[in-house]
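Below are the chains, spelled out letter by letter.
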Amino acid sequence: MKTANNKNFGQLQNMAKQMRINAIKLAYKAGENGAHLGGGLSPIEILAVLYGKILSLNPEKRDDPERDRFVLSKGHGTLAYYTALYEAGLISREELFSFEDNGGPFPGHPVRNLQYGIECSGGSLGTGISVAVGLALAAKIDKRRNKIYTLVGDGECNEGAVWEAAMSAVHYGLNNLIVIVDRNGLQSDGRCDEVFHTAPLENIWRGFGWDVEVVDGHKIEDLVQTLEKRCDSPKVVIANTVKGKGISFMENLREWHHSTLNEKQYLQALQELGAE
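Residues numbered from 1 in each chain as written. Predicted model: local features only at pLDDT ≥ 70, side-chain atom pairs only at ≥ 80, totals over all residues. Heavy atoms only, no water.

## So, the overall build of the chain
Within the chain, the secondary structure is distributed over eleven helices and seven strands. Its C-alpha atoms give the chain a radius of gyration of 17 Å, near enough to 19 Å, the size a compact globule of 276 residues would have. By its C-alpha atoms, the chain is 50 × 45 × 35 Å across when sized along the principal axes. Burial status across the chain gives 54% buried among its 276 residues. Sequence-distant contacts in the chain: of pairs separated by 6 or more residues, those separated by 24 or more amount to 77%. Accessible surface for the chain amounts to roughly 11,900 Å². Of this, 45% is attributable to carbon and sulfur atoms. Side-chain charges of the chain comprise 30 positive and 35 negative groups, with the mean position of each set lying 5 Å from the other. (Helix = DSSP H or I, 4+ residues; strand = E, 2+ residues; numbered from the N terminus. Rg over C-alpha atoms; globule rule 2.2 N^0.38 Å. Buried < 20%, exposed > 50% of the residue type's maximum accessible area, 1.4 Å probe, protein only. Contact = heavy atoms within 4.5 Å. Areas by Shrake-Rupley, 256 points an atom, 1.4 Å probe, with all protein chains shown as cover. Lys, Arg positive; Asp, Glu negative; His and termini not counted. Charge placed at Lys NZ, Arg CZ, Asp CG, Glu CD.)

Pasting the structure below:
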């Protein structure tokens, strides 16, 4: 199967830049509906690497049973997701910019639609990773060699369903499953370590029997090298990221979890990103 893209590091960096610019444009277009800017900007490089390098996909045969699957478990990350689908050639620019149109196919949380390469509906946190476990188990039963990737948030890891899924993945030996945690340190209600204090995520996942890697979630080369590594057990990549990455007045601020851009902020954001 051919991949949707096989970009080099420089091309992936440029892809991430264009995704950020389009994410800001989509958020501004959403107007009073607002958009999940903070958590939509933090996983941009992760989605760029997945859709620009890692995933085995054929845009001309989107229902191929051998395709790799990606599940957006943190369903509010659609600014990164939809812009990645566009860069990978799975949706058109016109479709991308129908974001949050009433009755349209690209709302603030994804709705399953294989025509657009969207494998799973999202919104209720903790459910996407469970779907990913089911997809990985089905692939094992059917003796397929494809891989299943899913992106979860560090705040989402407060959900009990995440850990039920983690236990199941180890029990069934799902070495075809890769979970990526977007660890930006913030959730809607505040800092993750203050909202719900836990042991370090690395220790928790390792304790469940997962292969654990920790990377800088904004370093393209590190993400590629980590995601290309083979392992004999389910793998989790804990990606340290910055909420609102790339926009000075958004970075590391809970208030930008879901908010609205005014014209001045919009123009400043585009300028900071070097948009033409």
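## Examining the side chain of S42
Take S42: it is sitting in the loop between helix 2 (37–41) and helix 3 (44–54). Overall, the relative accessible area of 0% leaves S42 in the buried class. A polar contact is formed between the side chain of S42 and the side chain of D182, at a distance of 2.7 Å. In this view, S42 contacts K74, D182, N184, H218, T241, V242, K243 and G244; residues no more than four positions away in its chain are not counted. (Polar contact = N/O pair within 3.5 Å; in protein donor to acceptor, adjacent residues only side chain to side chain.)

## Describing the packing of helix 6 (residues 128–141) against helix 7 (residues 160–171)
Running from amino to carboxyl end, helix 6 crosses helix 7 at an angle of 15°, the nearest separation of the two axes being 8 Å. The orientation of helix 6 relative to helix 7 falls into the category roughly parallel. As for how helix 6 packs across helix 7, the hand of that crossing is left-handed. Side by side, helix 6 and helix 7 meet where I129, S130 and V133 of the first sit next to A161, V162, A165, S168 and A169 of the second. Looking at side-chain class alone, the contact of helix 6 with helix 7 contains six nonpolar, two polar and no charged residues. (Axes fitted to C-alpha atoms, helices over the stretch in contact; angles between N-to-C directions. Parallel < 35°, antiparallel > 145°, perpendicular 65-115°, else oblique. Left-handed = near helix turned anticlockwise from the far one by under 90°. Nonpolar A, V, L, I, M, F, W, Y, C, P; charged D, E, K, R; others polar.)

## Some remarks on the sheet that holds strand 3 (residues 177–183)
One open sheet holds the five strands; their spatial order is 1-2-3-7-6, and the pairing between them is parallel. Single-partner strands in this sheet number two, and they are strand 1 (69–72) and strand 6 (211–216). Direction aside, the axes of adjacent strands within the sheet are offset by 20° on average. Where strand 6 meets strand 7 (residues 235–240), six bridges bridge the pair, whose relative direction is parallel. (Pairing = 2+ DSSP bridges.)

## Considering the nonpolar core
Considering soluble globular proteins, one finds that nonpolar side chains tend to be buried as a cluster. Counting residues in each nonpolar core, the largest one holds 59 residues, and the members touching the most others are I24, L47, L50, Y51 and F70. Looking at this core element by element, the count peaks at ten residues for helix 1 (residues 9–30). When neighbours within four sequence positions are excluded, L50 is seen to be in contact with L55, F70, Y149, I180 and L227. Membership of the second largest hydrophobic core comes to 25 residues, among which are I129, L174, W210 and V212. (Core = buried A, V, L, I, M, F, W, Y, C linked by side-chain atoms within 4.5 Å.)

## Structural notes on the environment of K61
With respect to the helices and strands, K61 occurs in the loop between helix 3 and strand 1. The exposure class assigned to K61 is partly exposed, which follows from its relative accessible area of 44%. Between the C-alpha atom of K61 and that of Q115, which follows or precedes it by 54 residues, the distance is 9.6 Å.

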